[in-house]
Amino acid sequence: MLHLTLLLHLLVLSLSPADASVHVDVPGFYGAAEATGFGPVFEEQPVDTIYPEESPEAKITMNCRARANPPATYKWMQNNTEINLNEKDSHYRLIGGNLVINNPIRSKHVGKYSCLATNMFGTVISKEASVQFGYLDLFSSEERMTVKIKEGQGAVLLCAPPPHYPDELSFRWILNEFPTFIQLDKRRFVSQITGNLYISKVDSSDRGNYSCIASSPSISKSVFSNYITLEPQTGSSSRKYLADLKVKFPDTIALVGQNVTLECFALGNPVPDITWRRIGGEMPHSHDVQMSGAQLHLYNVQFEDSGTYECKAKNSRGEDDHTAHVSVEASPEWLEHISSTEKDLYSDYTMLCKASGIPTPQIRWLKDGKPIDRKEMSFRRLSFDDSGMYQCIAENRHGVIYANAELRVFACAPTFEHNPVKTVQAARNGRAVIECRPKAAPKPTFFWSKDTEVLSNSSRMFIWQDGSLEILNVKQADEGRYTCFAENEWGKANSTGALLVTDSTKINLAPSNTSVEAGQNTWMQCSASHDPSLDITFIWSLDGRVIDLHKDSQHYERTPNGSSEGELLIKNAQLKHAGLYTCTAQTPVDNVTASAHLVVRGPPGAPGGVRIIDKTDKTVTLQWSRGADNHSPISKYTIQYRDDFSKDVWKNATTHPANVDGNNETAKVVDLFPWTEYEFRVIATNTLGTGDPSKPSPKETTLESVPVVAPSNVGGGGGASRELTITWTPVQPQYYFGPYFGYIVAFKPHGEYEWKRVEIPDALASRYVHKDPNIPPLTEFEVKVKAFNNQGEGPYSLTAIIYSAQDAPSEAPVILDGKALSATAVTVSWKPLIKRNIDGYQVKCWRNHEDGEGGAKRVTVSSRETHTRLDGLEPFSNYLIEIRGCNSAGCGPPSKHYKIQTKKPPPDRPPKIIGTKLKDQSVNISWEQVETLVNESSIVEYRVLYKRKGTSSGTLYSTNKQYIDLPRRSDGEYAVEVRAHTEGGDGTVAQIYIPPMTHNGSVLIISSFNILSLLLVVLFLLNL
């Protein structure tokens, strides 16, 4: 029966042209040729919208646009209910696919909106988008209570923002009037969560009226609160209060990639310092602490930034801390999602959607905009009813994502129109595959014939399930015309191709095993015979990886393709070039391969597994595993070490024996420091060079030992009365040789036999002060210092001679004279103290009533001086002056207070220059008399500085008149500075510029102070 059917097919073939088809009609649009349209694909979808209630544009537009053929029609849903666009007096209009809401009303139009796009292929629904009304009401009009707080205590001013949407507001505070904004610093902080103003420690400068400004960036609106009066109450501002955290960040959930701000602020006196840390881990790399520690910013947070964070506030009275958890989560993202596809009628198909996110997203499905109660979209024997628009939706609390796809189930009779059976070439004794891939649905059955012979499966021929024909061990007799027949319930078709048999490719000269020294060149031979009608190409690979001759041209070179020779030149061979080389001779029809090994001889590889197997205080024994010798025996090993003091520099270690033979895998390292953390590495050497170092060994610390290094530069002396000060240079950490390191200080009066010892358990200590009321001043002592640790005591330093402190001066200086030099300077002189223990004098002055002694100015002068000048004083003020004699033990009793008054200040107005006149070789400058006020010094004379412009020095003239003649200059522009001089000093400067004298003797005078002077200059030039 089968042969009869095939014969009928052959009969049809003989009567029909090649690639003939017989078709049965397919219903609807499911035929392959007819279904040229496609279902809706969104190009624009609605987005969340905030409509400001005070917006001048009285409409909201929600966008929706889909690409579809035929074009889509649109519907809109509000809160899952279809919007009736034809309702009378409706606020809604549809423009294209866009929904326009005219004169929106909060109570009616707030909600979730989605757009449905439909054509003959199905329906898709857009992402949901919300419409909300943005508003920021006014602050309550109720009067704010006055806040009274003692100076030194902390204060919190509540903002209490009004009702608003959205939640995001920014806050600032003003003091007394707009726009005087509160400057935030370590003492003052505004929370961007609550809007409250926190003042850590109130002082008198905080007195005033405060108003909170709340701003909504979404609707570009700001509102002001009523003023809150803050009245600091005078009291003991020196009273201290412990740190008390008032702003504490909550447990926070952040989305990956977002920026997060955590707030912490404390009240306290002194103002607390705020520090941040992450419990059990390092702070994220992209963190930043701002607002004097009150804000921790985490930028672009990642999952690994999750954890518990702590802020700590600390001052001298105590500390307070707070911890909360930061969790990093993620919106849904597709790992795998559906895409539009065509599937054969009756075939099986599964749609897959997978999404990542934290929390894990839930997956749901829609078909043509309607929910499907299925967790998996798997189809057995697809039917036309399964066609449509499918949507996969992944959702967690942070967001929703959609994936849309069209599934089209189609059926058609077999056709070879776009993929006929082709002519195939195959090598003799090789393998041939002739593909038969018609377009057909459902899947057809296949038959093959060669010329007029019907083919069936045999030991050499196989018909695959996809219709392809495979022929093994191809012979010359297999050459000919082959026809594939395909048939399903909708029709049948056939197509004819041919098989051409060529000579097979053979390798004549195969590569052979070889070796080469690193850095040298070598050849790999390869040549092949092939069918002369075909082109041949040689491909080389190393250990299965194809060699890119262009990218690796530094090391590989080959003769051009096309010839029968394919030898490979390996240049400057490296250890990495060793391995199995495979030559593949390839034609369009077949390929053959041959392989050979290349051995590269070079320096040894890195040893492995370096570890310490024994240690003492000064030695360690290392063990390692041999690395590759790279085909040349290892001759020796070098041991290197690194410790905390070598600053990441590896140093060659001393070993015993000194040379480590290449056959060894252990070595003893000597001359190490006790109680020091080391790591070691091993390097192998052979006759071809030195290899790479091993990975470092695990860090280990040598055993402890008694210190052997004594402190240096032992000395001392000086200090306060009845004290003996001993100093030294501390021992460097590498010489500690053990924990609990410290110093023993020994001292005794010169000539005595018994040493007094004091133990100082501080490795960084560099001085010791022995206090004894019975120590005579300037007494000679012998001192020495040694180190100790938990293993014992080291040697003493050399003995040094020092002296105990001298007594502070006991006499008070006597002030002889004092006088005011100007409004800001005085001079004072005193009778010197006769005793030799005076190192210098401390001169102190202060205003009797305004400053108090605590605000006094201090000047220190040497013991050789008996007078000094005090500058920077206030004009016309009464000062008290006292002097003390001082030495290293301190200062002695003060002199009697000496009263002195500074002079009145000079006038703060410059002389008004009223004229300039030219007189042959001079210029006459005149000015008005400066009238002094009651609280200003009388004018003694006027001083005129004549200098070249740009210089600081010149000629200074004095005059009692209101004018002066100055010589003219031709070497550049000159400046004239005029000021009044009084016993209180020089007054404010008036300045004019005199240009250089021209060839005809004329000059231009420019005043920098008044227009009258400029007019006089113009008149002067007109007269010329």
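Scroll up for the structure.
This section reports on the structure supplied with the text. (Residues numbered from 1 in each chain as written. Predicted model: local features only at pLDDT ≥ 70, side-chain atom pairs only at ≥ 80, totals over all residues. Heavy atoms only, no water.)

### A word on the pairing of strand S47 (residues 491–502)
Taken residue by residue, a regular strand's side chains alternate between the two faces of the sheet. Convention followed: Under the scheme applied here, a residue whose accessible area is under 20% of the maximum for its type counts as buried, over 50% as exposed, and between as partly exposed, the area being computed with a 1.4 Å probe on protein chains only. Elements are defined by DSSP. Helices are runs of H or I of four residues or more, strands are runs of E of two residues or more, and each kind is numbered from the N terminus. One bridge is not enough; two strands pair if DSSP finds at least two bridges between them.
Judged by how many residues are buried, S47 sits mostly within the fold: 10 of 12 residues are covered. Inspection of the sheet shows strand S39 (residues 424–427) paired to S47 by 4 bridges, in the parallel sense. Following the sheet pairing, glutamine 425 is matched in S47 by leucine 500. Across 9 bridges, the pairing between strand S46 (residues 480–488) and S47 is antiparallel. Each bridged residue has a counterpart across the sheet, and for threonine 483 the counterpart in S47 is threonine 496. Here S46 folds back onto S47, and the loop between the two strands holds 2 residues.

### Describing the environment of valine 940
In plain terms, the rule: Two residues form a contact once any of their heavy atoms are found within 4.5 Å.
Mapped onto the secondary structure, valine 940 falls in strand S86 (residues 939–948). For valine 940, the contacting residues outside a window of four places in its chain are Asn960, His981, Thr982 and Glu983.

### Some words on the pairing of strand S65 (residues 677–686)
S65 sits mainly inside the fold: 9 of its 10 residues count as buried. Pairing analysis gives 9 bridges linking strand S60 (residues 634–643) to S65, with the strands arranged antiparallel. Bridge assignment links glutamine 640 to a residue of S65, and that residue is arginine 681. Bridge count for S65 against strand S67 (residues 700–701) is 2 bridges, and the pairing is antiparallel. Directly across from glutamate 677, in S67, lies its bridge partner threonine 701. Relative to strand S66 (residues 689–690), S65 runs antiparallel, the two sharing 2 bridges. In the strand pairing of S66, threonine 685 is matched with threonine 690.

### Regarding a nonpolar patch on the surface
The condition that has to hold: Like-charged residues are merged into a patch within 9 Å and nonpolar side chains (Val, Leu, Ile, Met, Phe, Trp, Tyr) within 5 Å, provided each residue has over 30% relative accessible area and no salt bridge. Residue exposure ignores everything except the shown protein chains as possible cover, and the areas themselves are Shrake-Rupley values with a 1.4 Å probe. Salt bridge, as used here: a side-chain nitrogen of Lys or Arg that lies within 4 Å of a carboxyl oxygen of Asp or Glu.
Together, Leu778, Ile801 and Tyr803 give the surface a local cluster of nonpolar side chains, amounting to about 300 Å² of exposed area. By the element assignment, tyrosine 803 lies in strand S75 (residues 800–803). Given a relative accessible area of 41%, tyrosine 803 falls into the partly exposed group.

### Some points on the state of the cysteines
Here is the rule we go by: The definition used for a disulfide is geometric: two cysteine sulfur atoms within 2.5 Å.
Using the criterion set out here, one finds 7 disulfides in the structure. Here cysteine 264 engages in a disulfide with cysteine 311; their sulfurs sit 1.8 Å apart. Here cysteine 264 is found in strand S24 (residues 260–269), whereas its partner cysteine 311 is found in strand S28 (residues 307–315), with 47 residues between them in sequence. The residues cysteine 264 and cysteine 311 share a single accessibility class, namely buried. Here cysteine 412 is not cross-linked by a disulfide; its sulfur's nearest cysteine counterpart is in cysteine 436, at 14 Å. Residue class for cysteine 412 comes out buried when judged on its relative accessible area of 8%. No disulfide involves cysteine 845; its nearest neighbouring cysteine sulfur is the one of cysteine 886, lying 15 Å away. Cysteine 845 gets classed as buried once you look at its relative accessible area, which sits at 2%.

### A closer look at the nonpolar core
Where a protein is soluble and globular, its nonpolar side chains tend to be buried together. Just so we agree on the cut-off: Take the buried Ala, Val, Leu, Ile, Met, Phe, Trp, Tyr and Cys residues and link them wherever side-chain atoms come within 4.5 Å; each set so joined is a nonpolar core.
With 25 residues, the main nonpolar core has Phe249, Leu262, Cys264, Phe265, Trp276 and Tyr309 as its most contacted residues. Of all the elements in the fold, those that place two or more residues in this core are strand S22 (241–248), S24, strand S25 (273–278), strand S27 (295–298), S28 and strand S29 (318–336). With 6 residues, the single largest contributor to this core is S24. Among all residues touching phenylalanine 249, those that are not within four sequence positions of it are Leu262, Glu263, Cys264, Trp276, Tyr309, Cys311, His322, Thr323 and Ala324.

### Details of unusual backbone geometry
In this structure, proline 70 follows asparagine 69 across a cis peptide bond, with omega equal to 0 degrees. For the peptide bond that leads from histidine 656 to proline 657, omega is 0 degrees, which places it in the cis range. Tracing the chain through its elements places proline 657 in the loop between strand S62 (654–656) and strand S63 (660–661). Unlike most non-glycine residues, asparagine 103 shows phi in positive territory, near 45 degrees. Structurally, asparagine 103 is set in the loop between strand S9 (98–102) and helix H2 (106–109). Not every positive phi belongs to a glycine, and asparagine 176 is a case in point at roughly 75 degrees. With respect to the element layout, asparagine 176 can be found in the loop between strand S16 (170–175) and strand S17 (188–190).

### A word on the environment of proline 657
What makes proline 657 exposed here is its relative accessible area of 52%. Spatially, the C-alpha atoms of proline 657 and valine 669 are 9.0 Å apart, while their sequence positions differ by 12 residues.

Shape is all these values report; function is a separate question.
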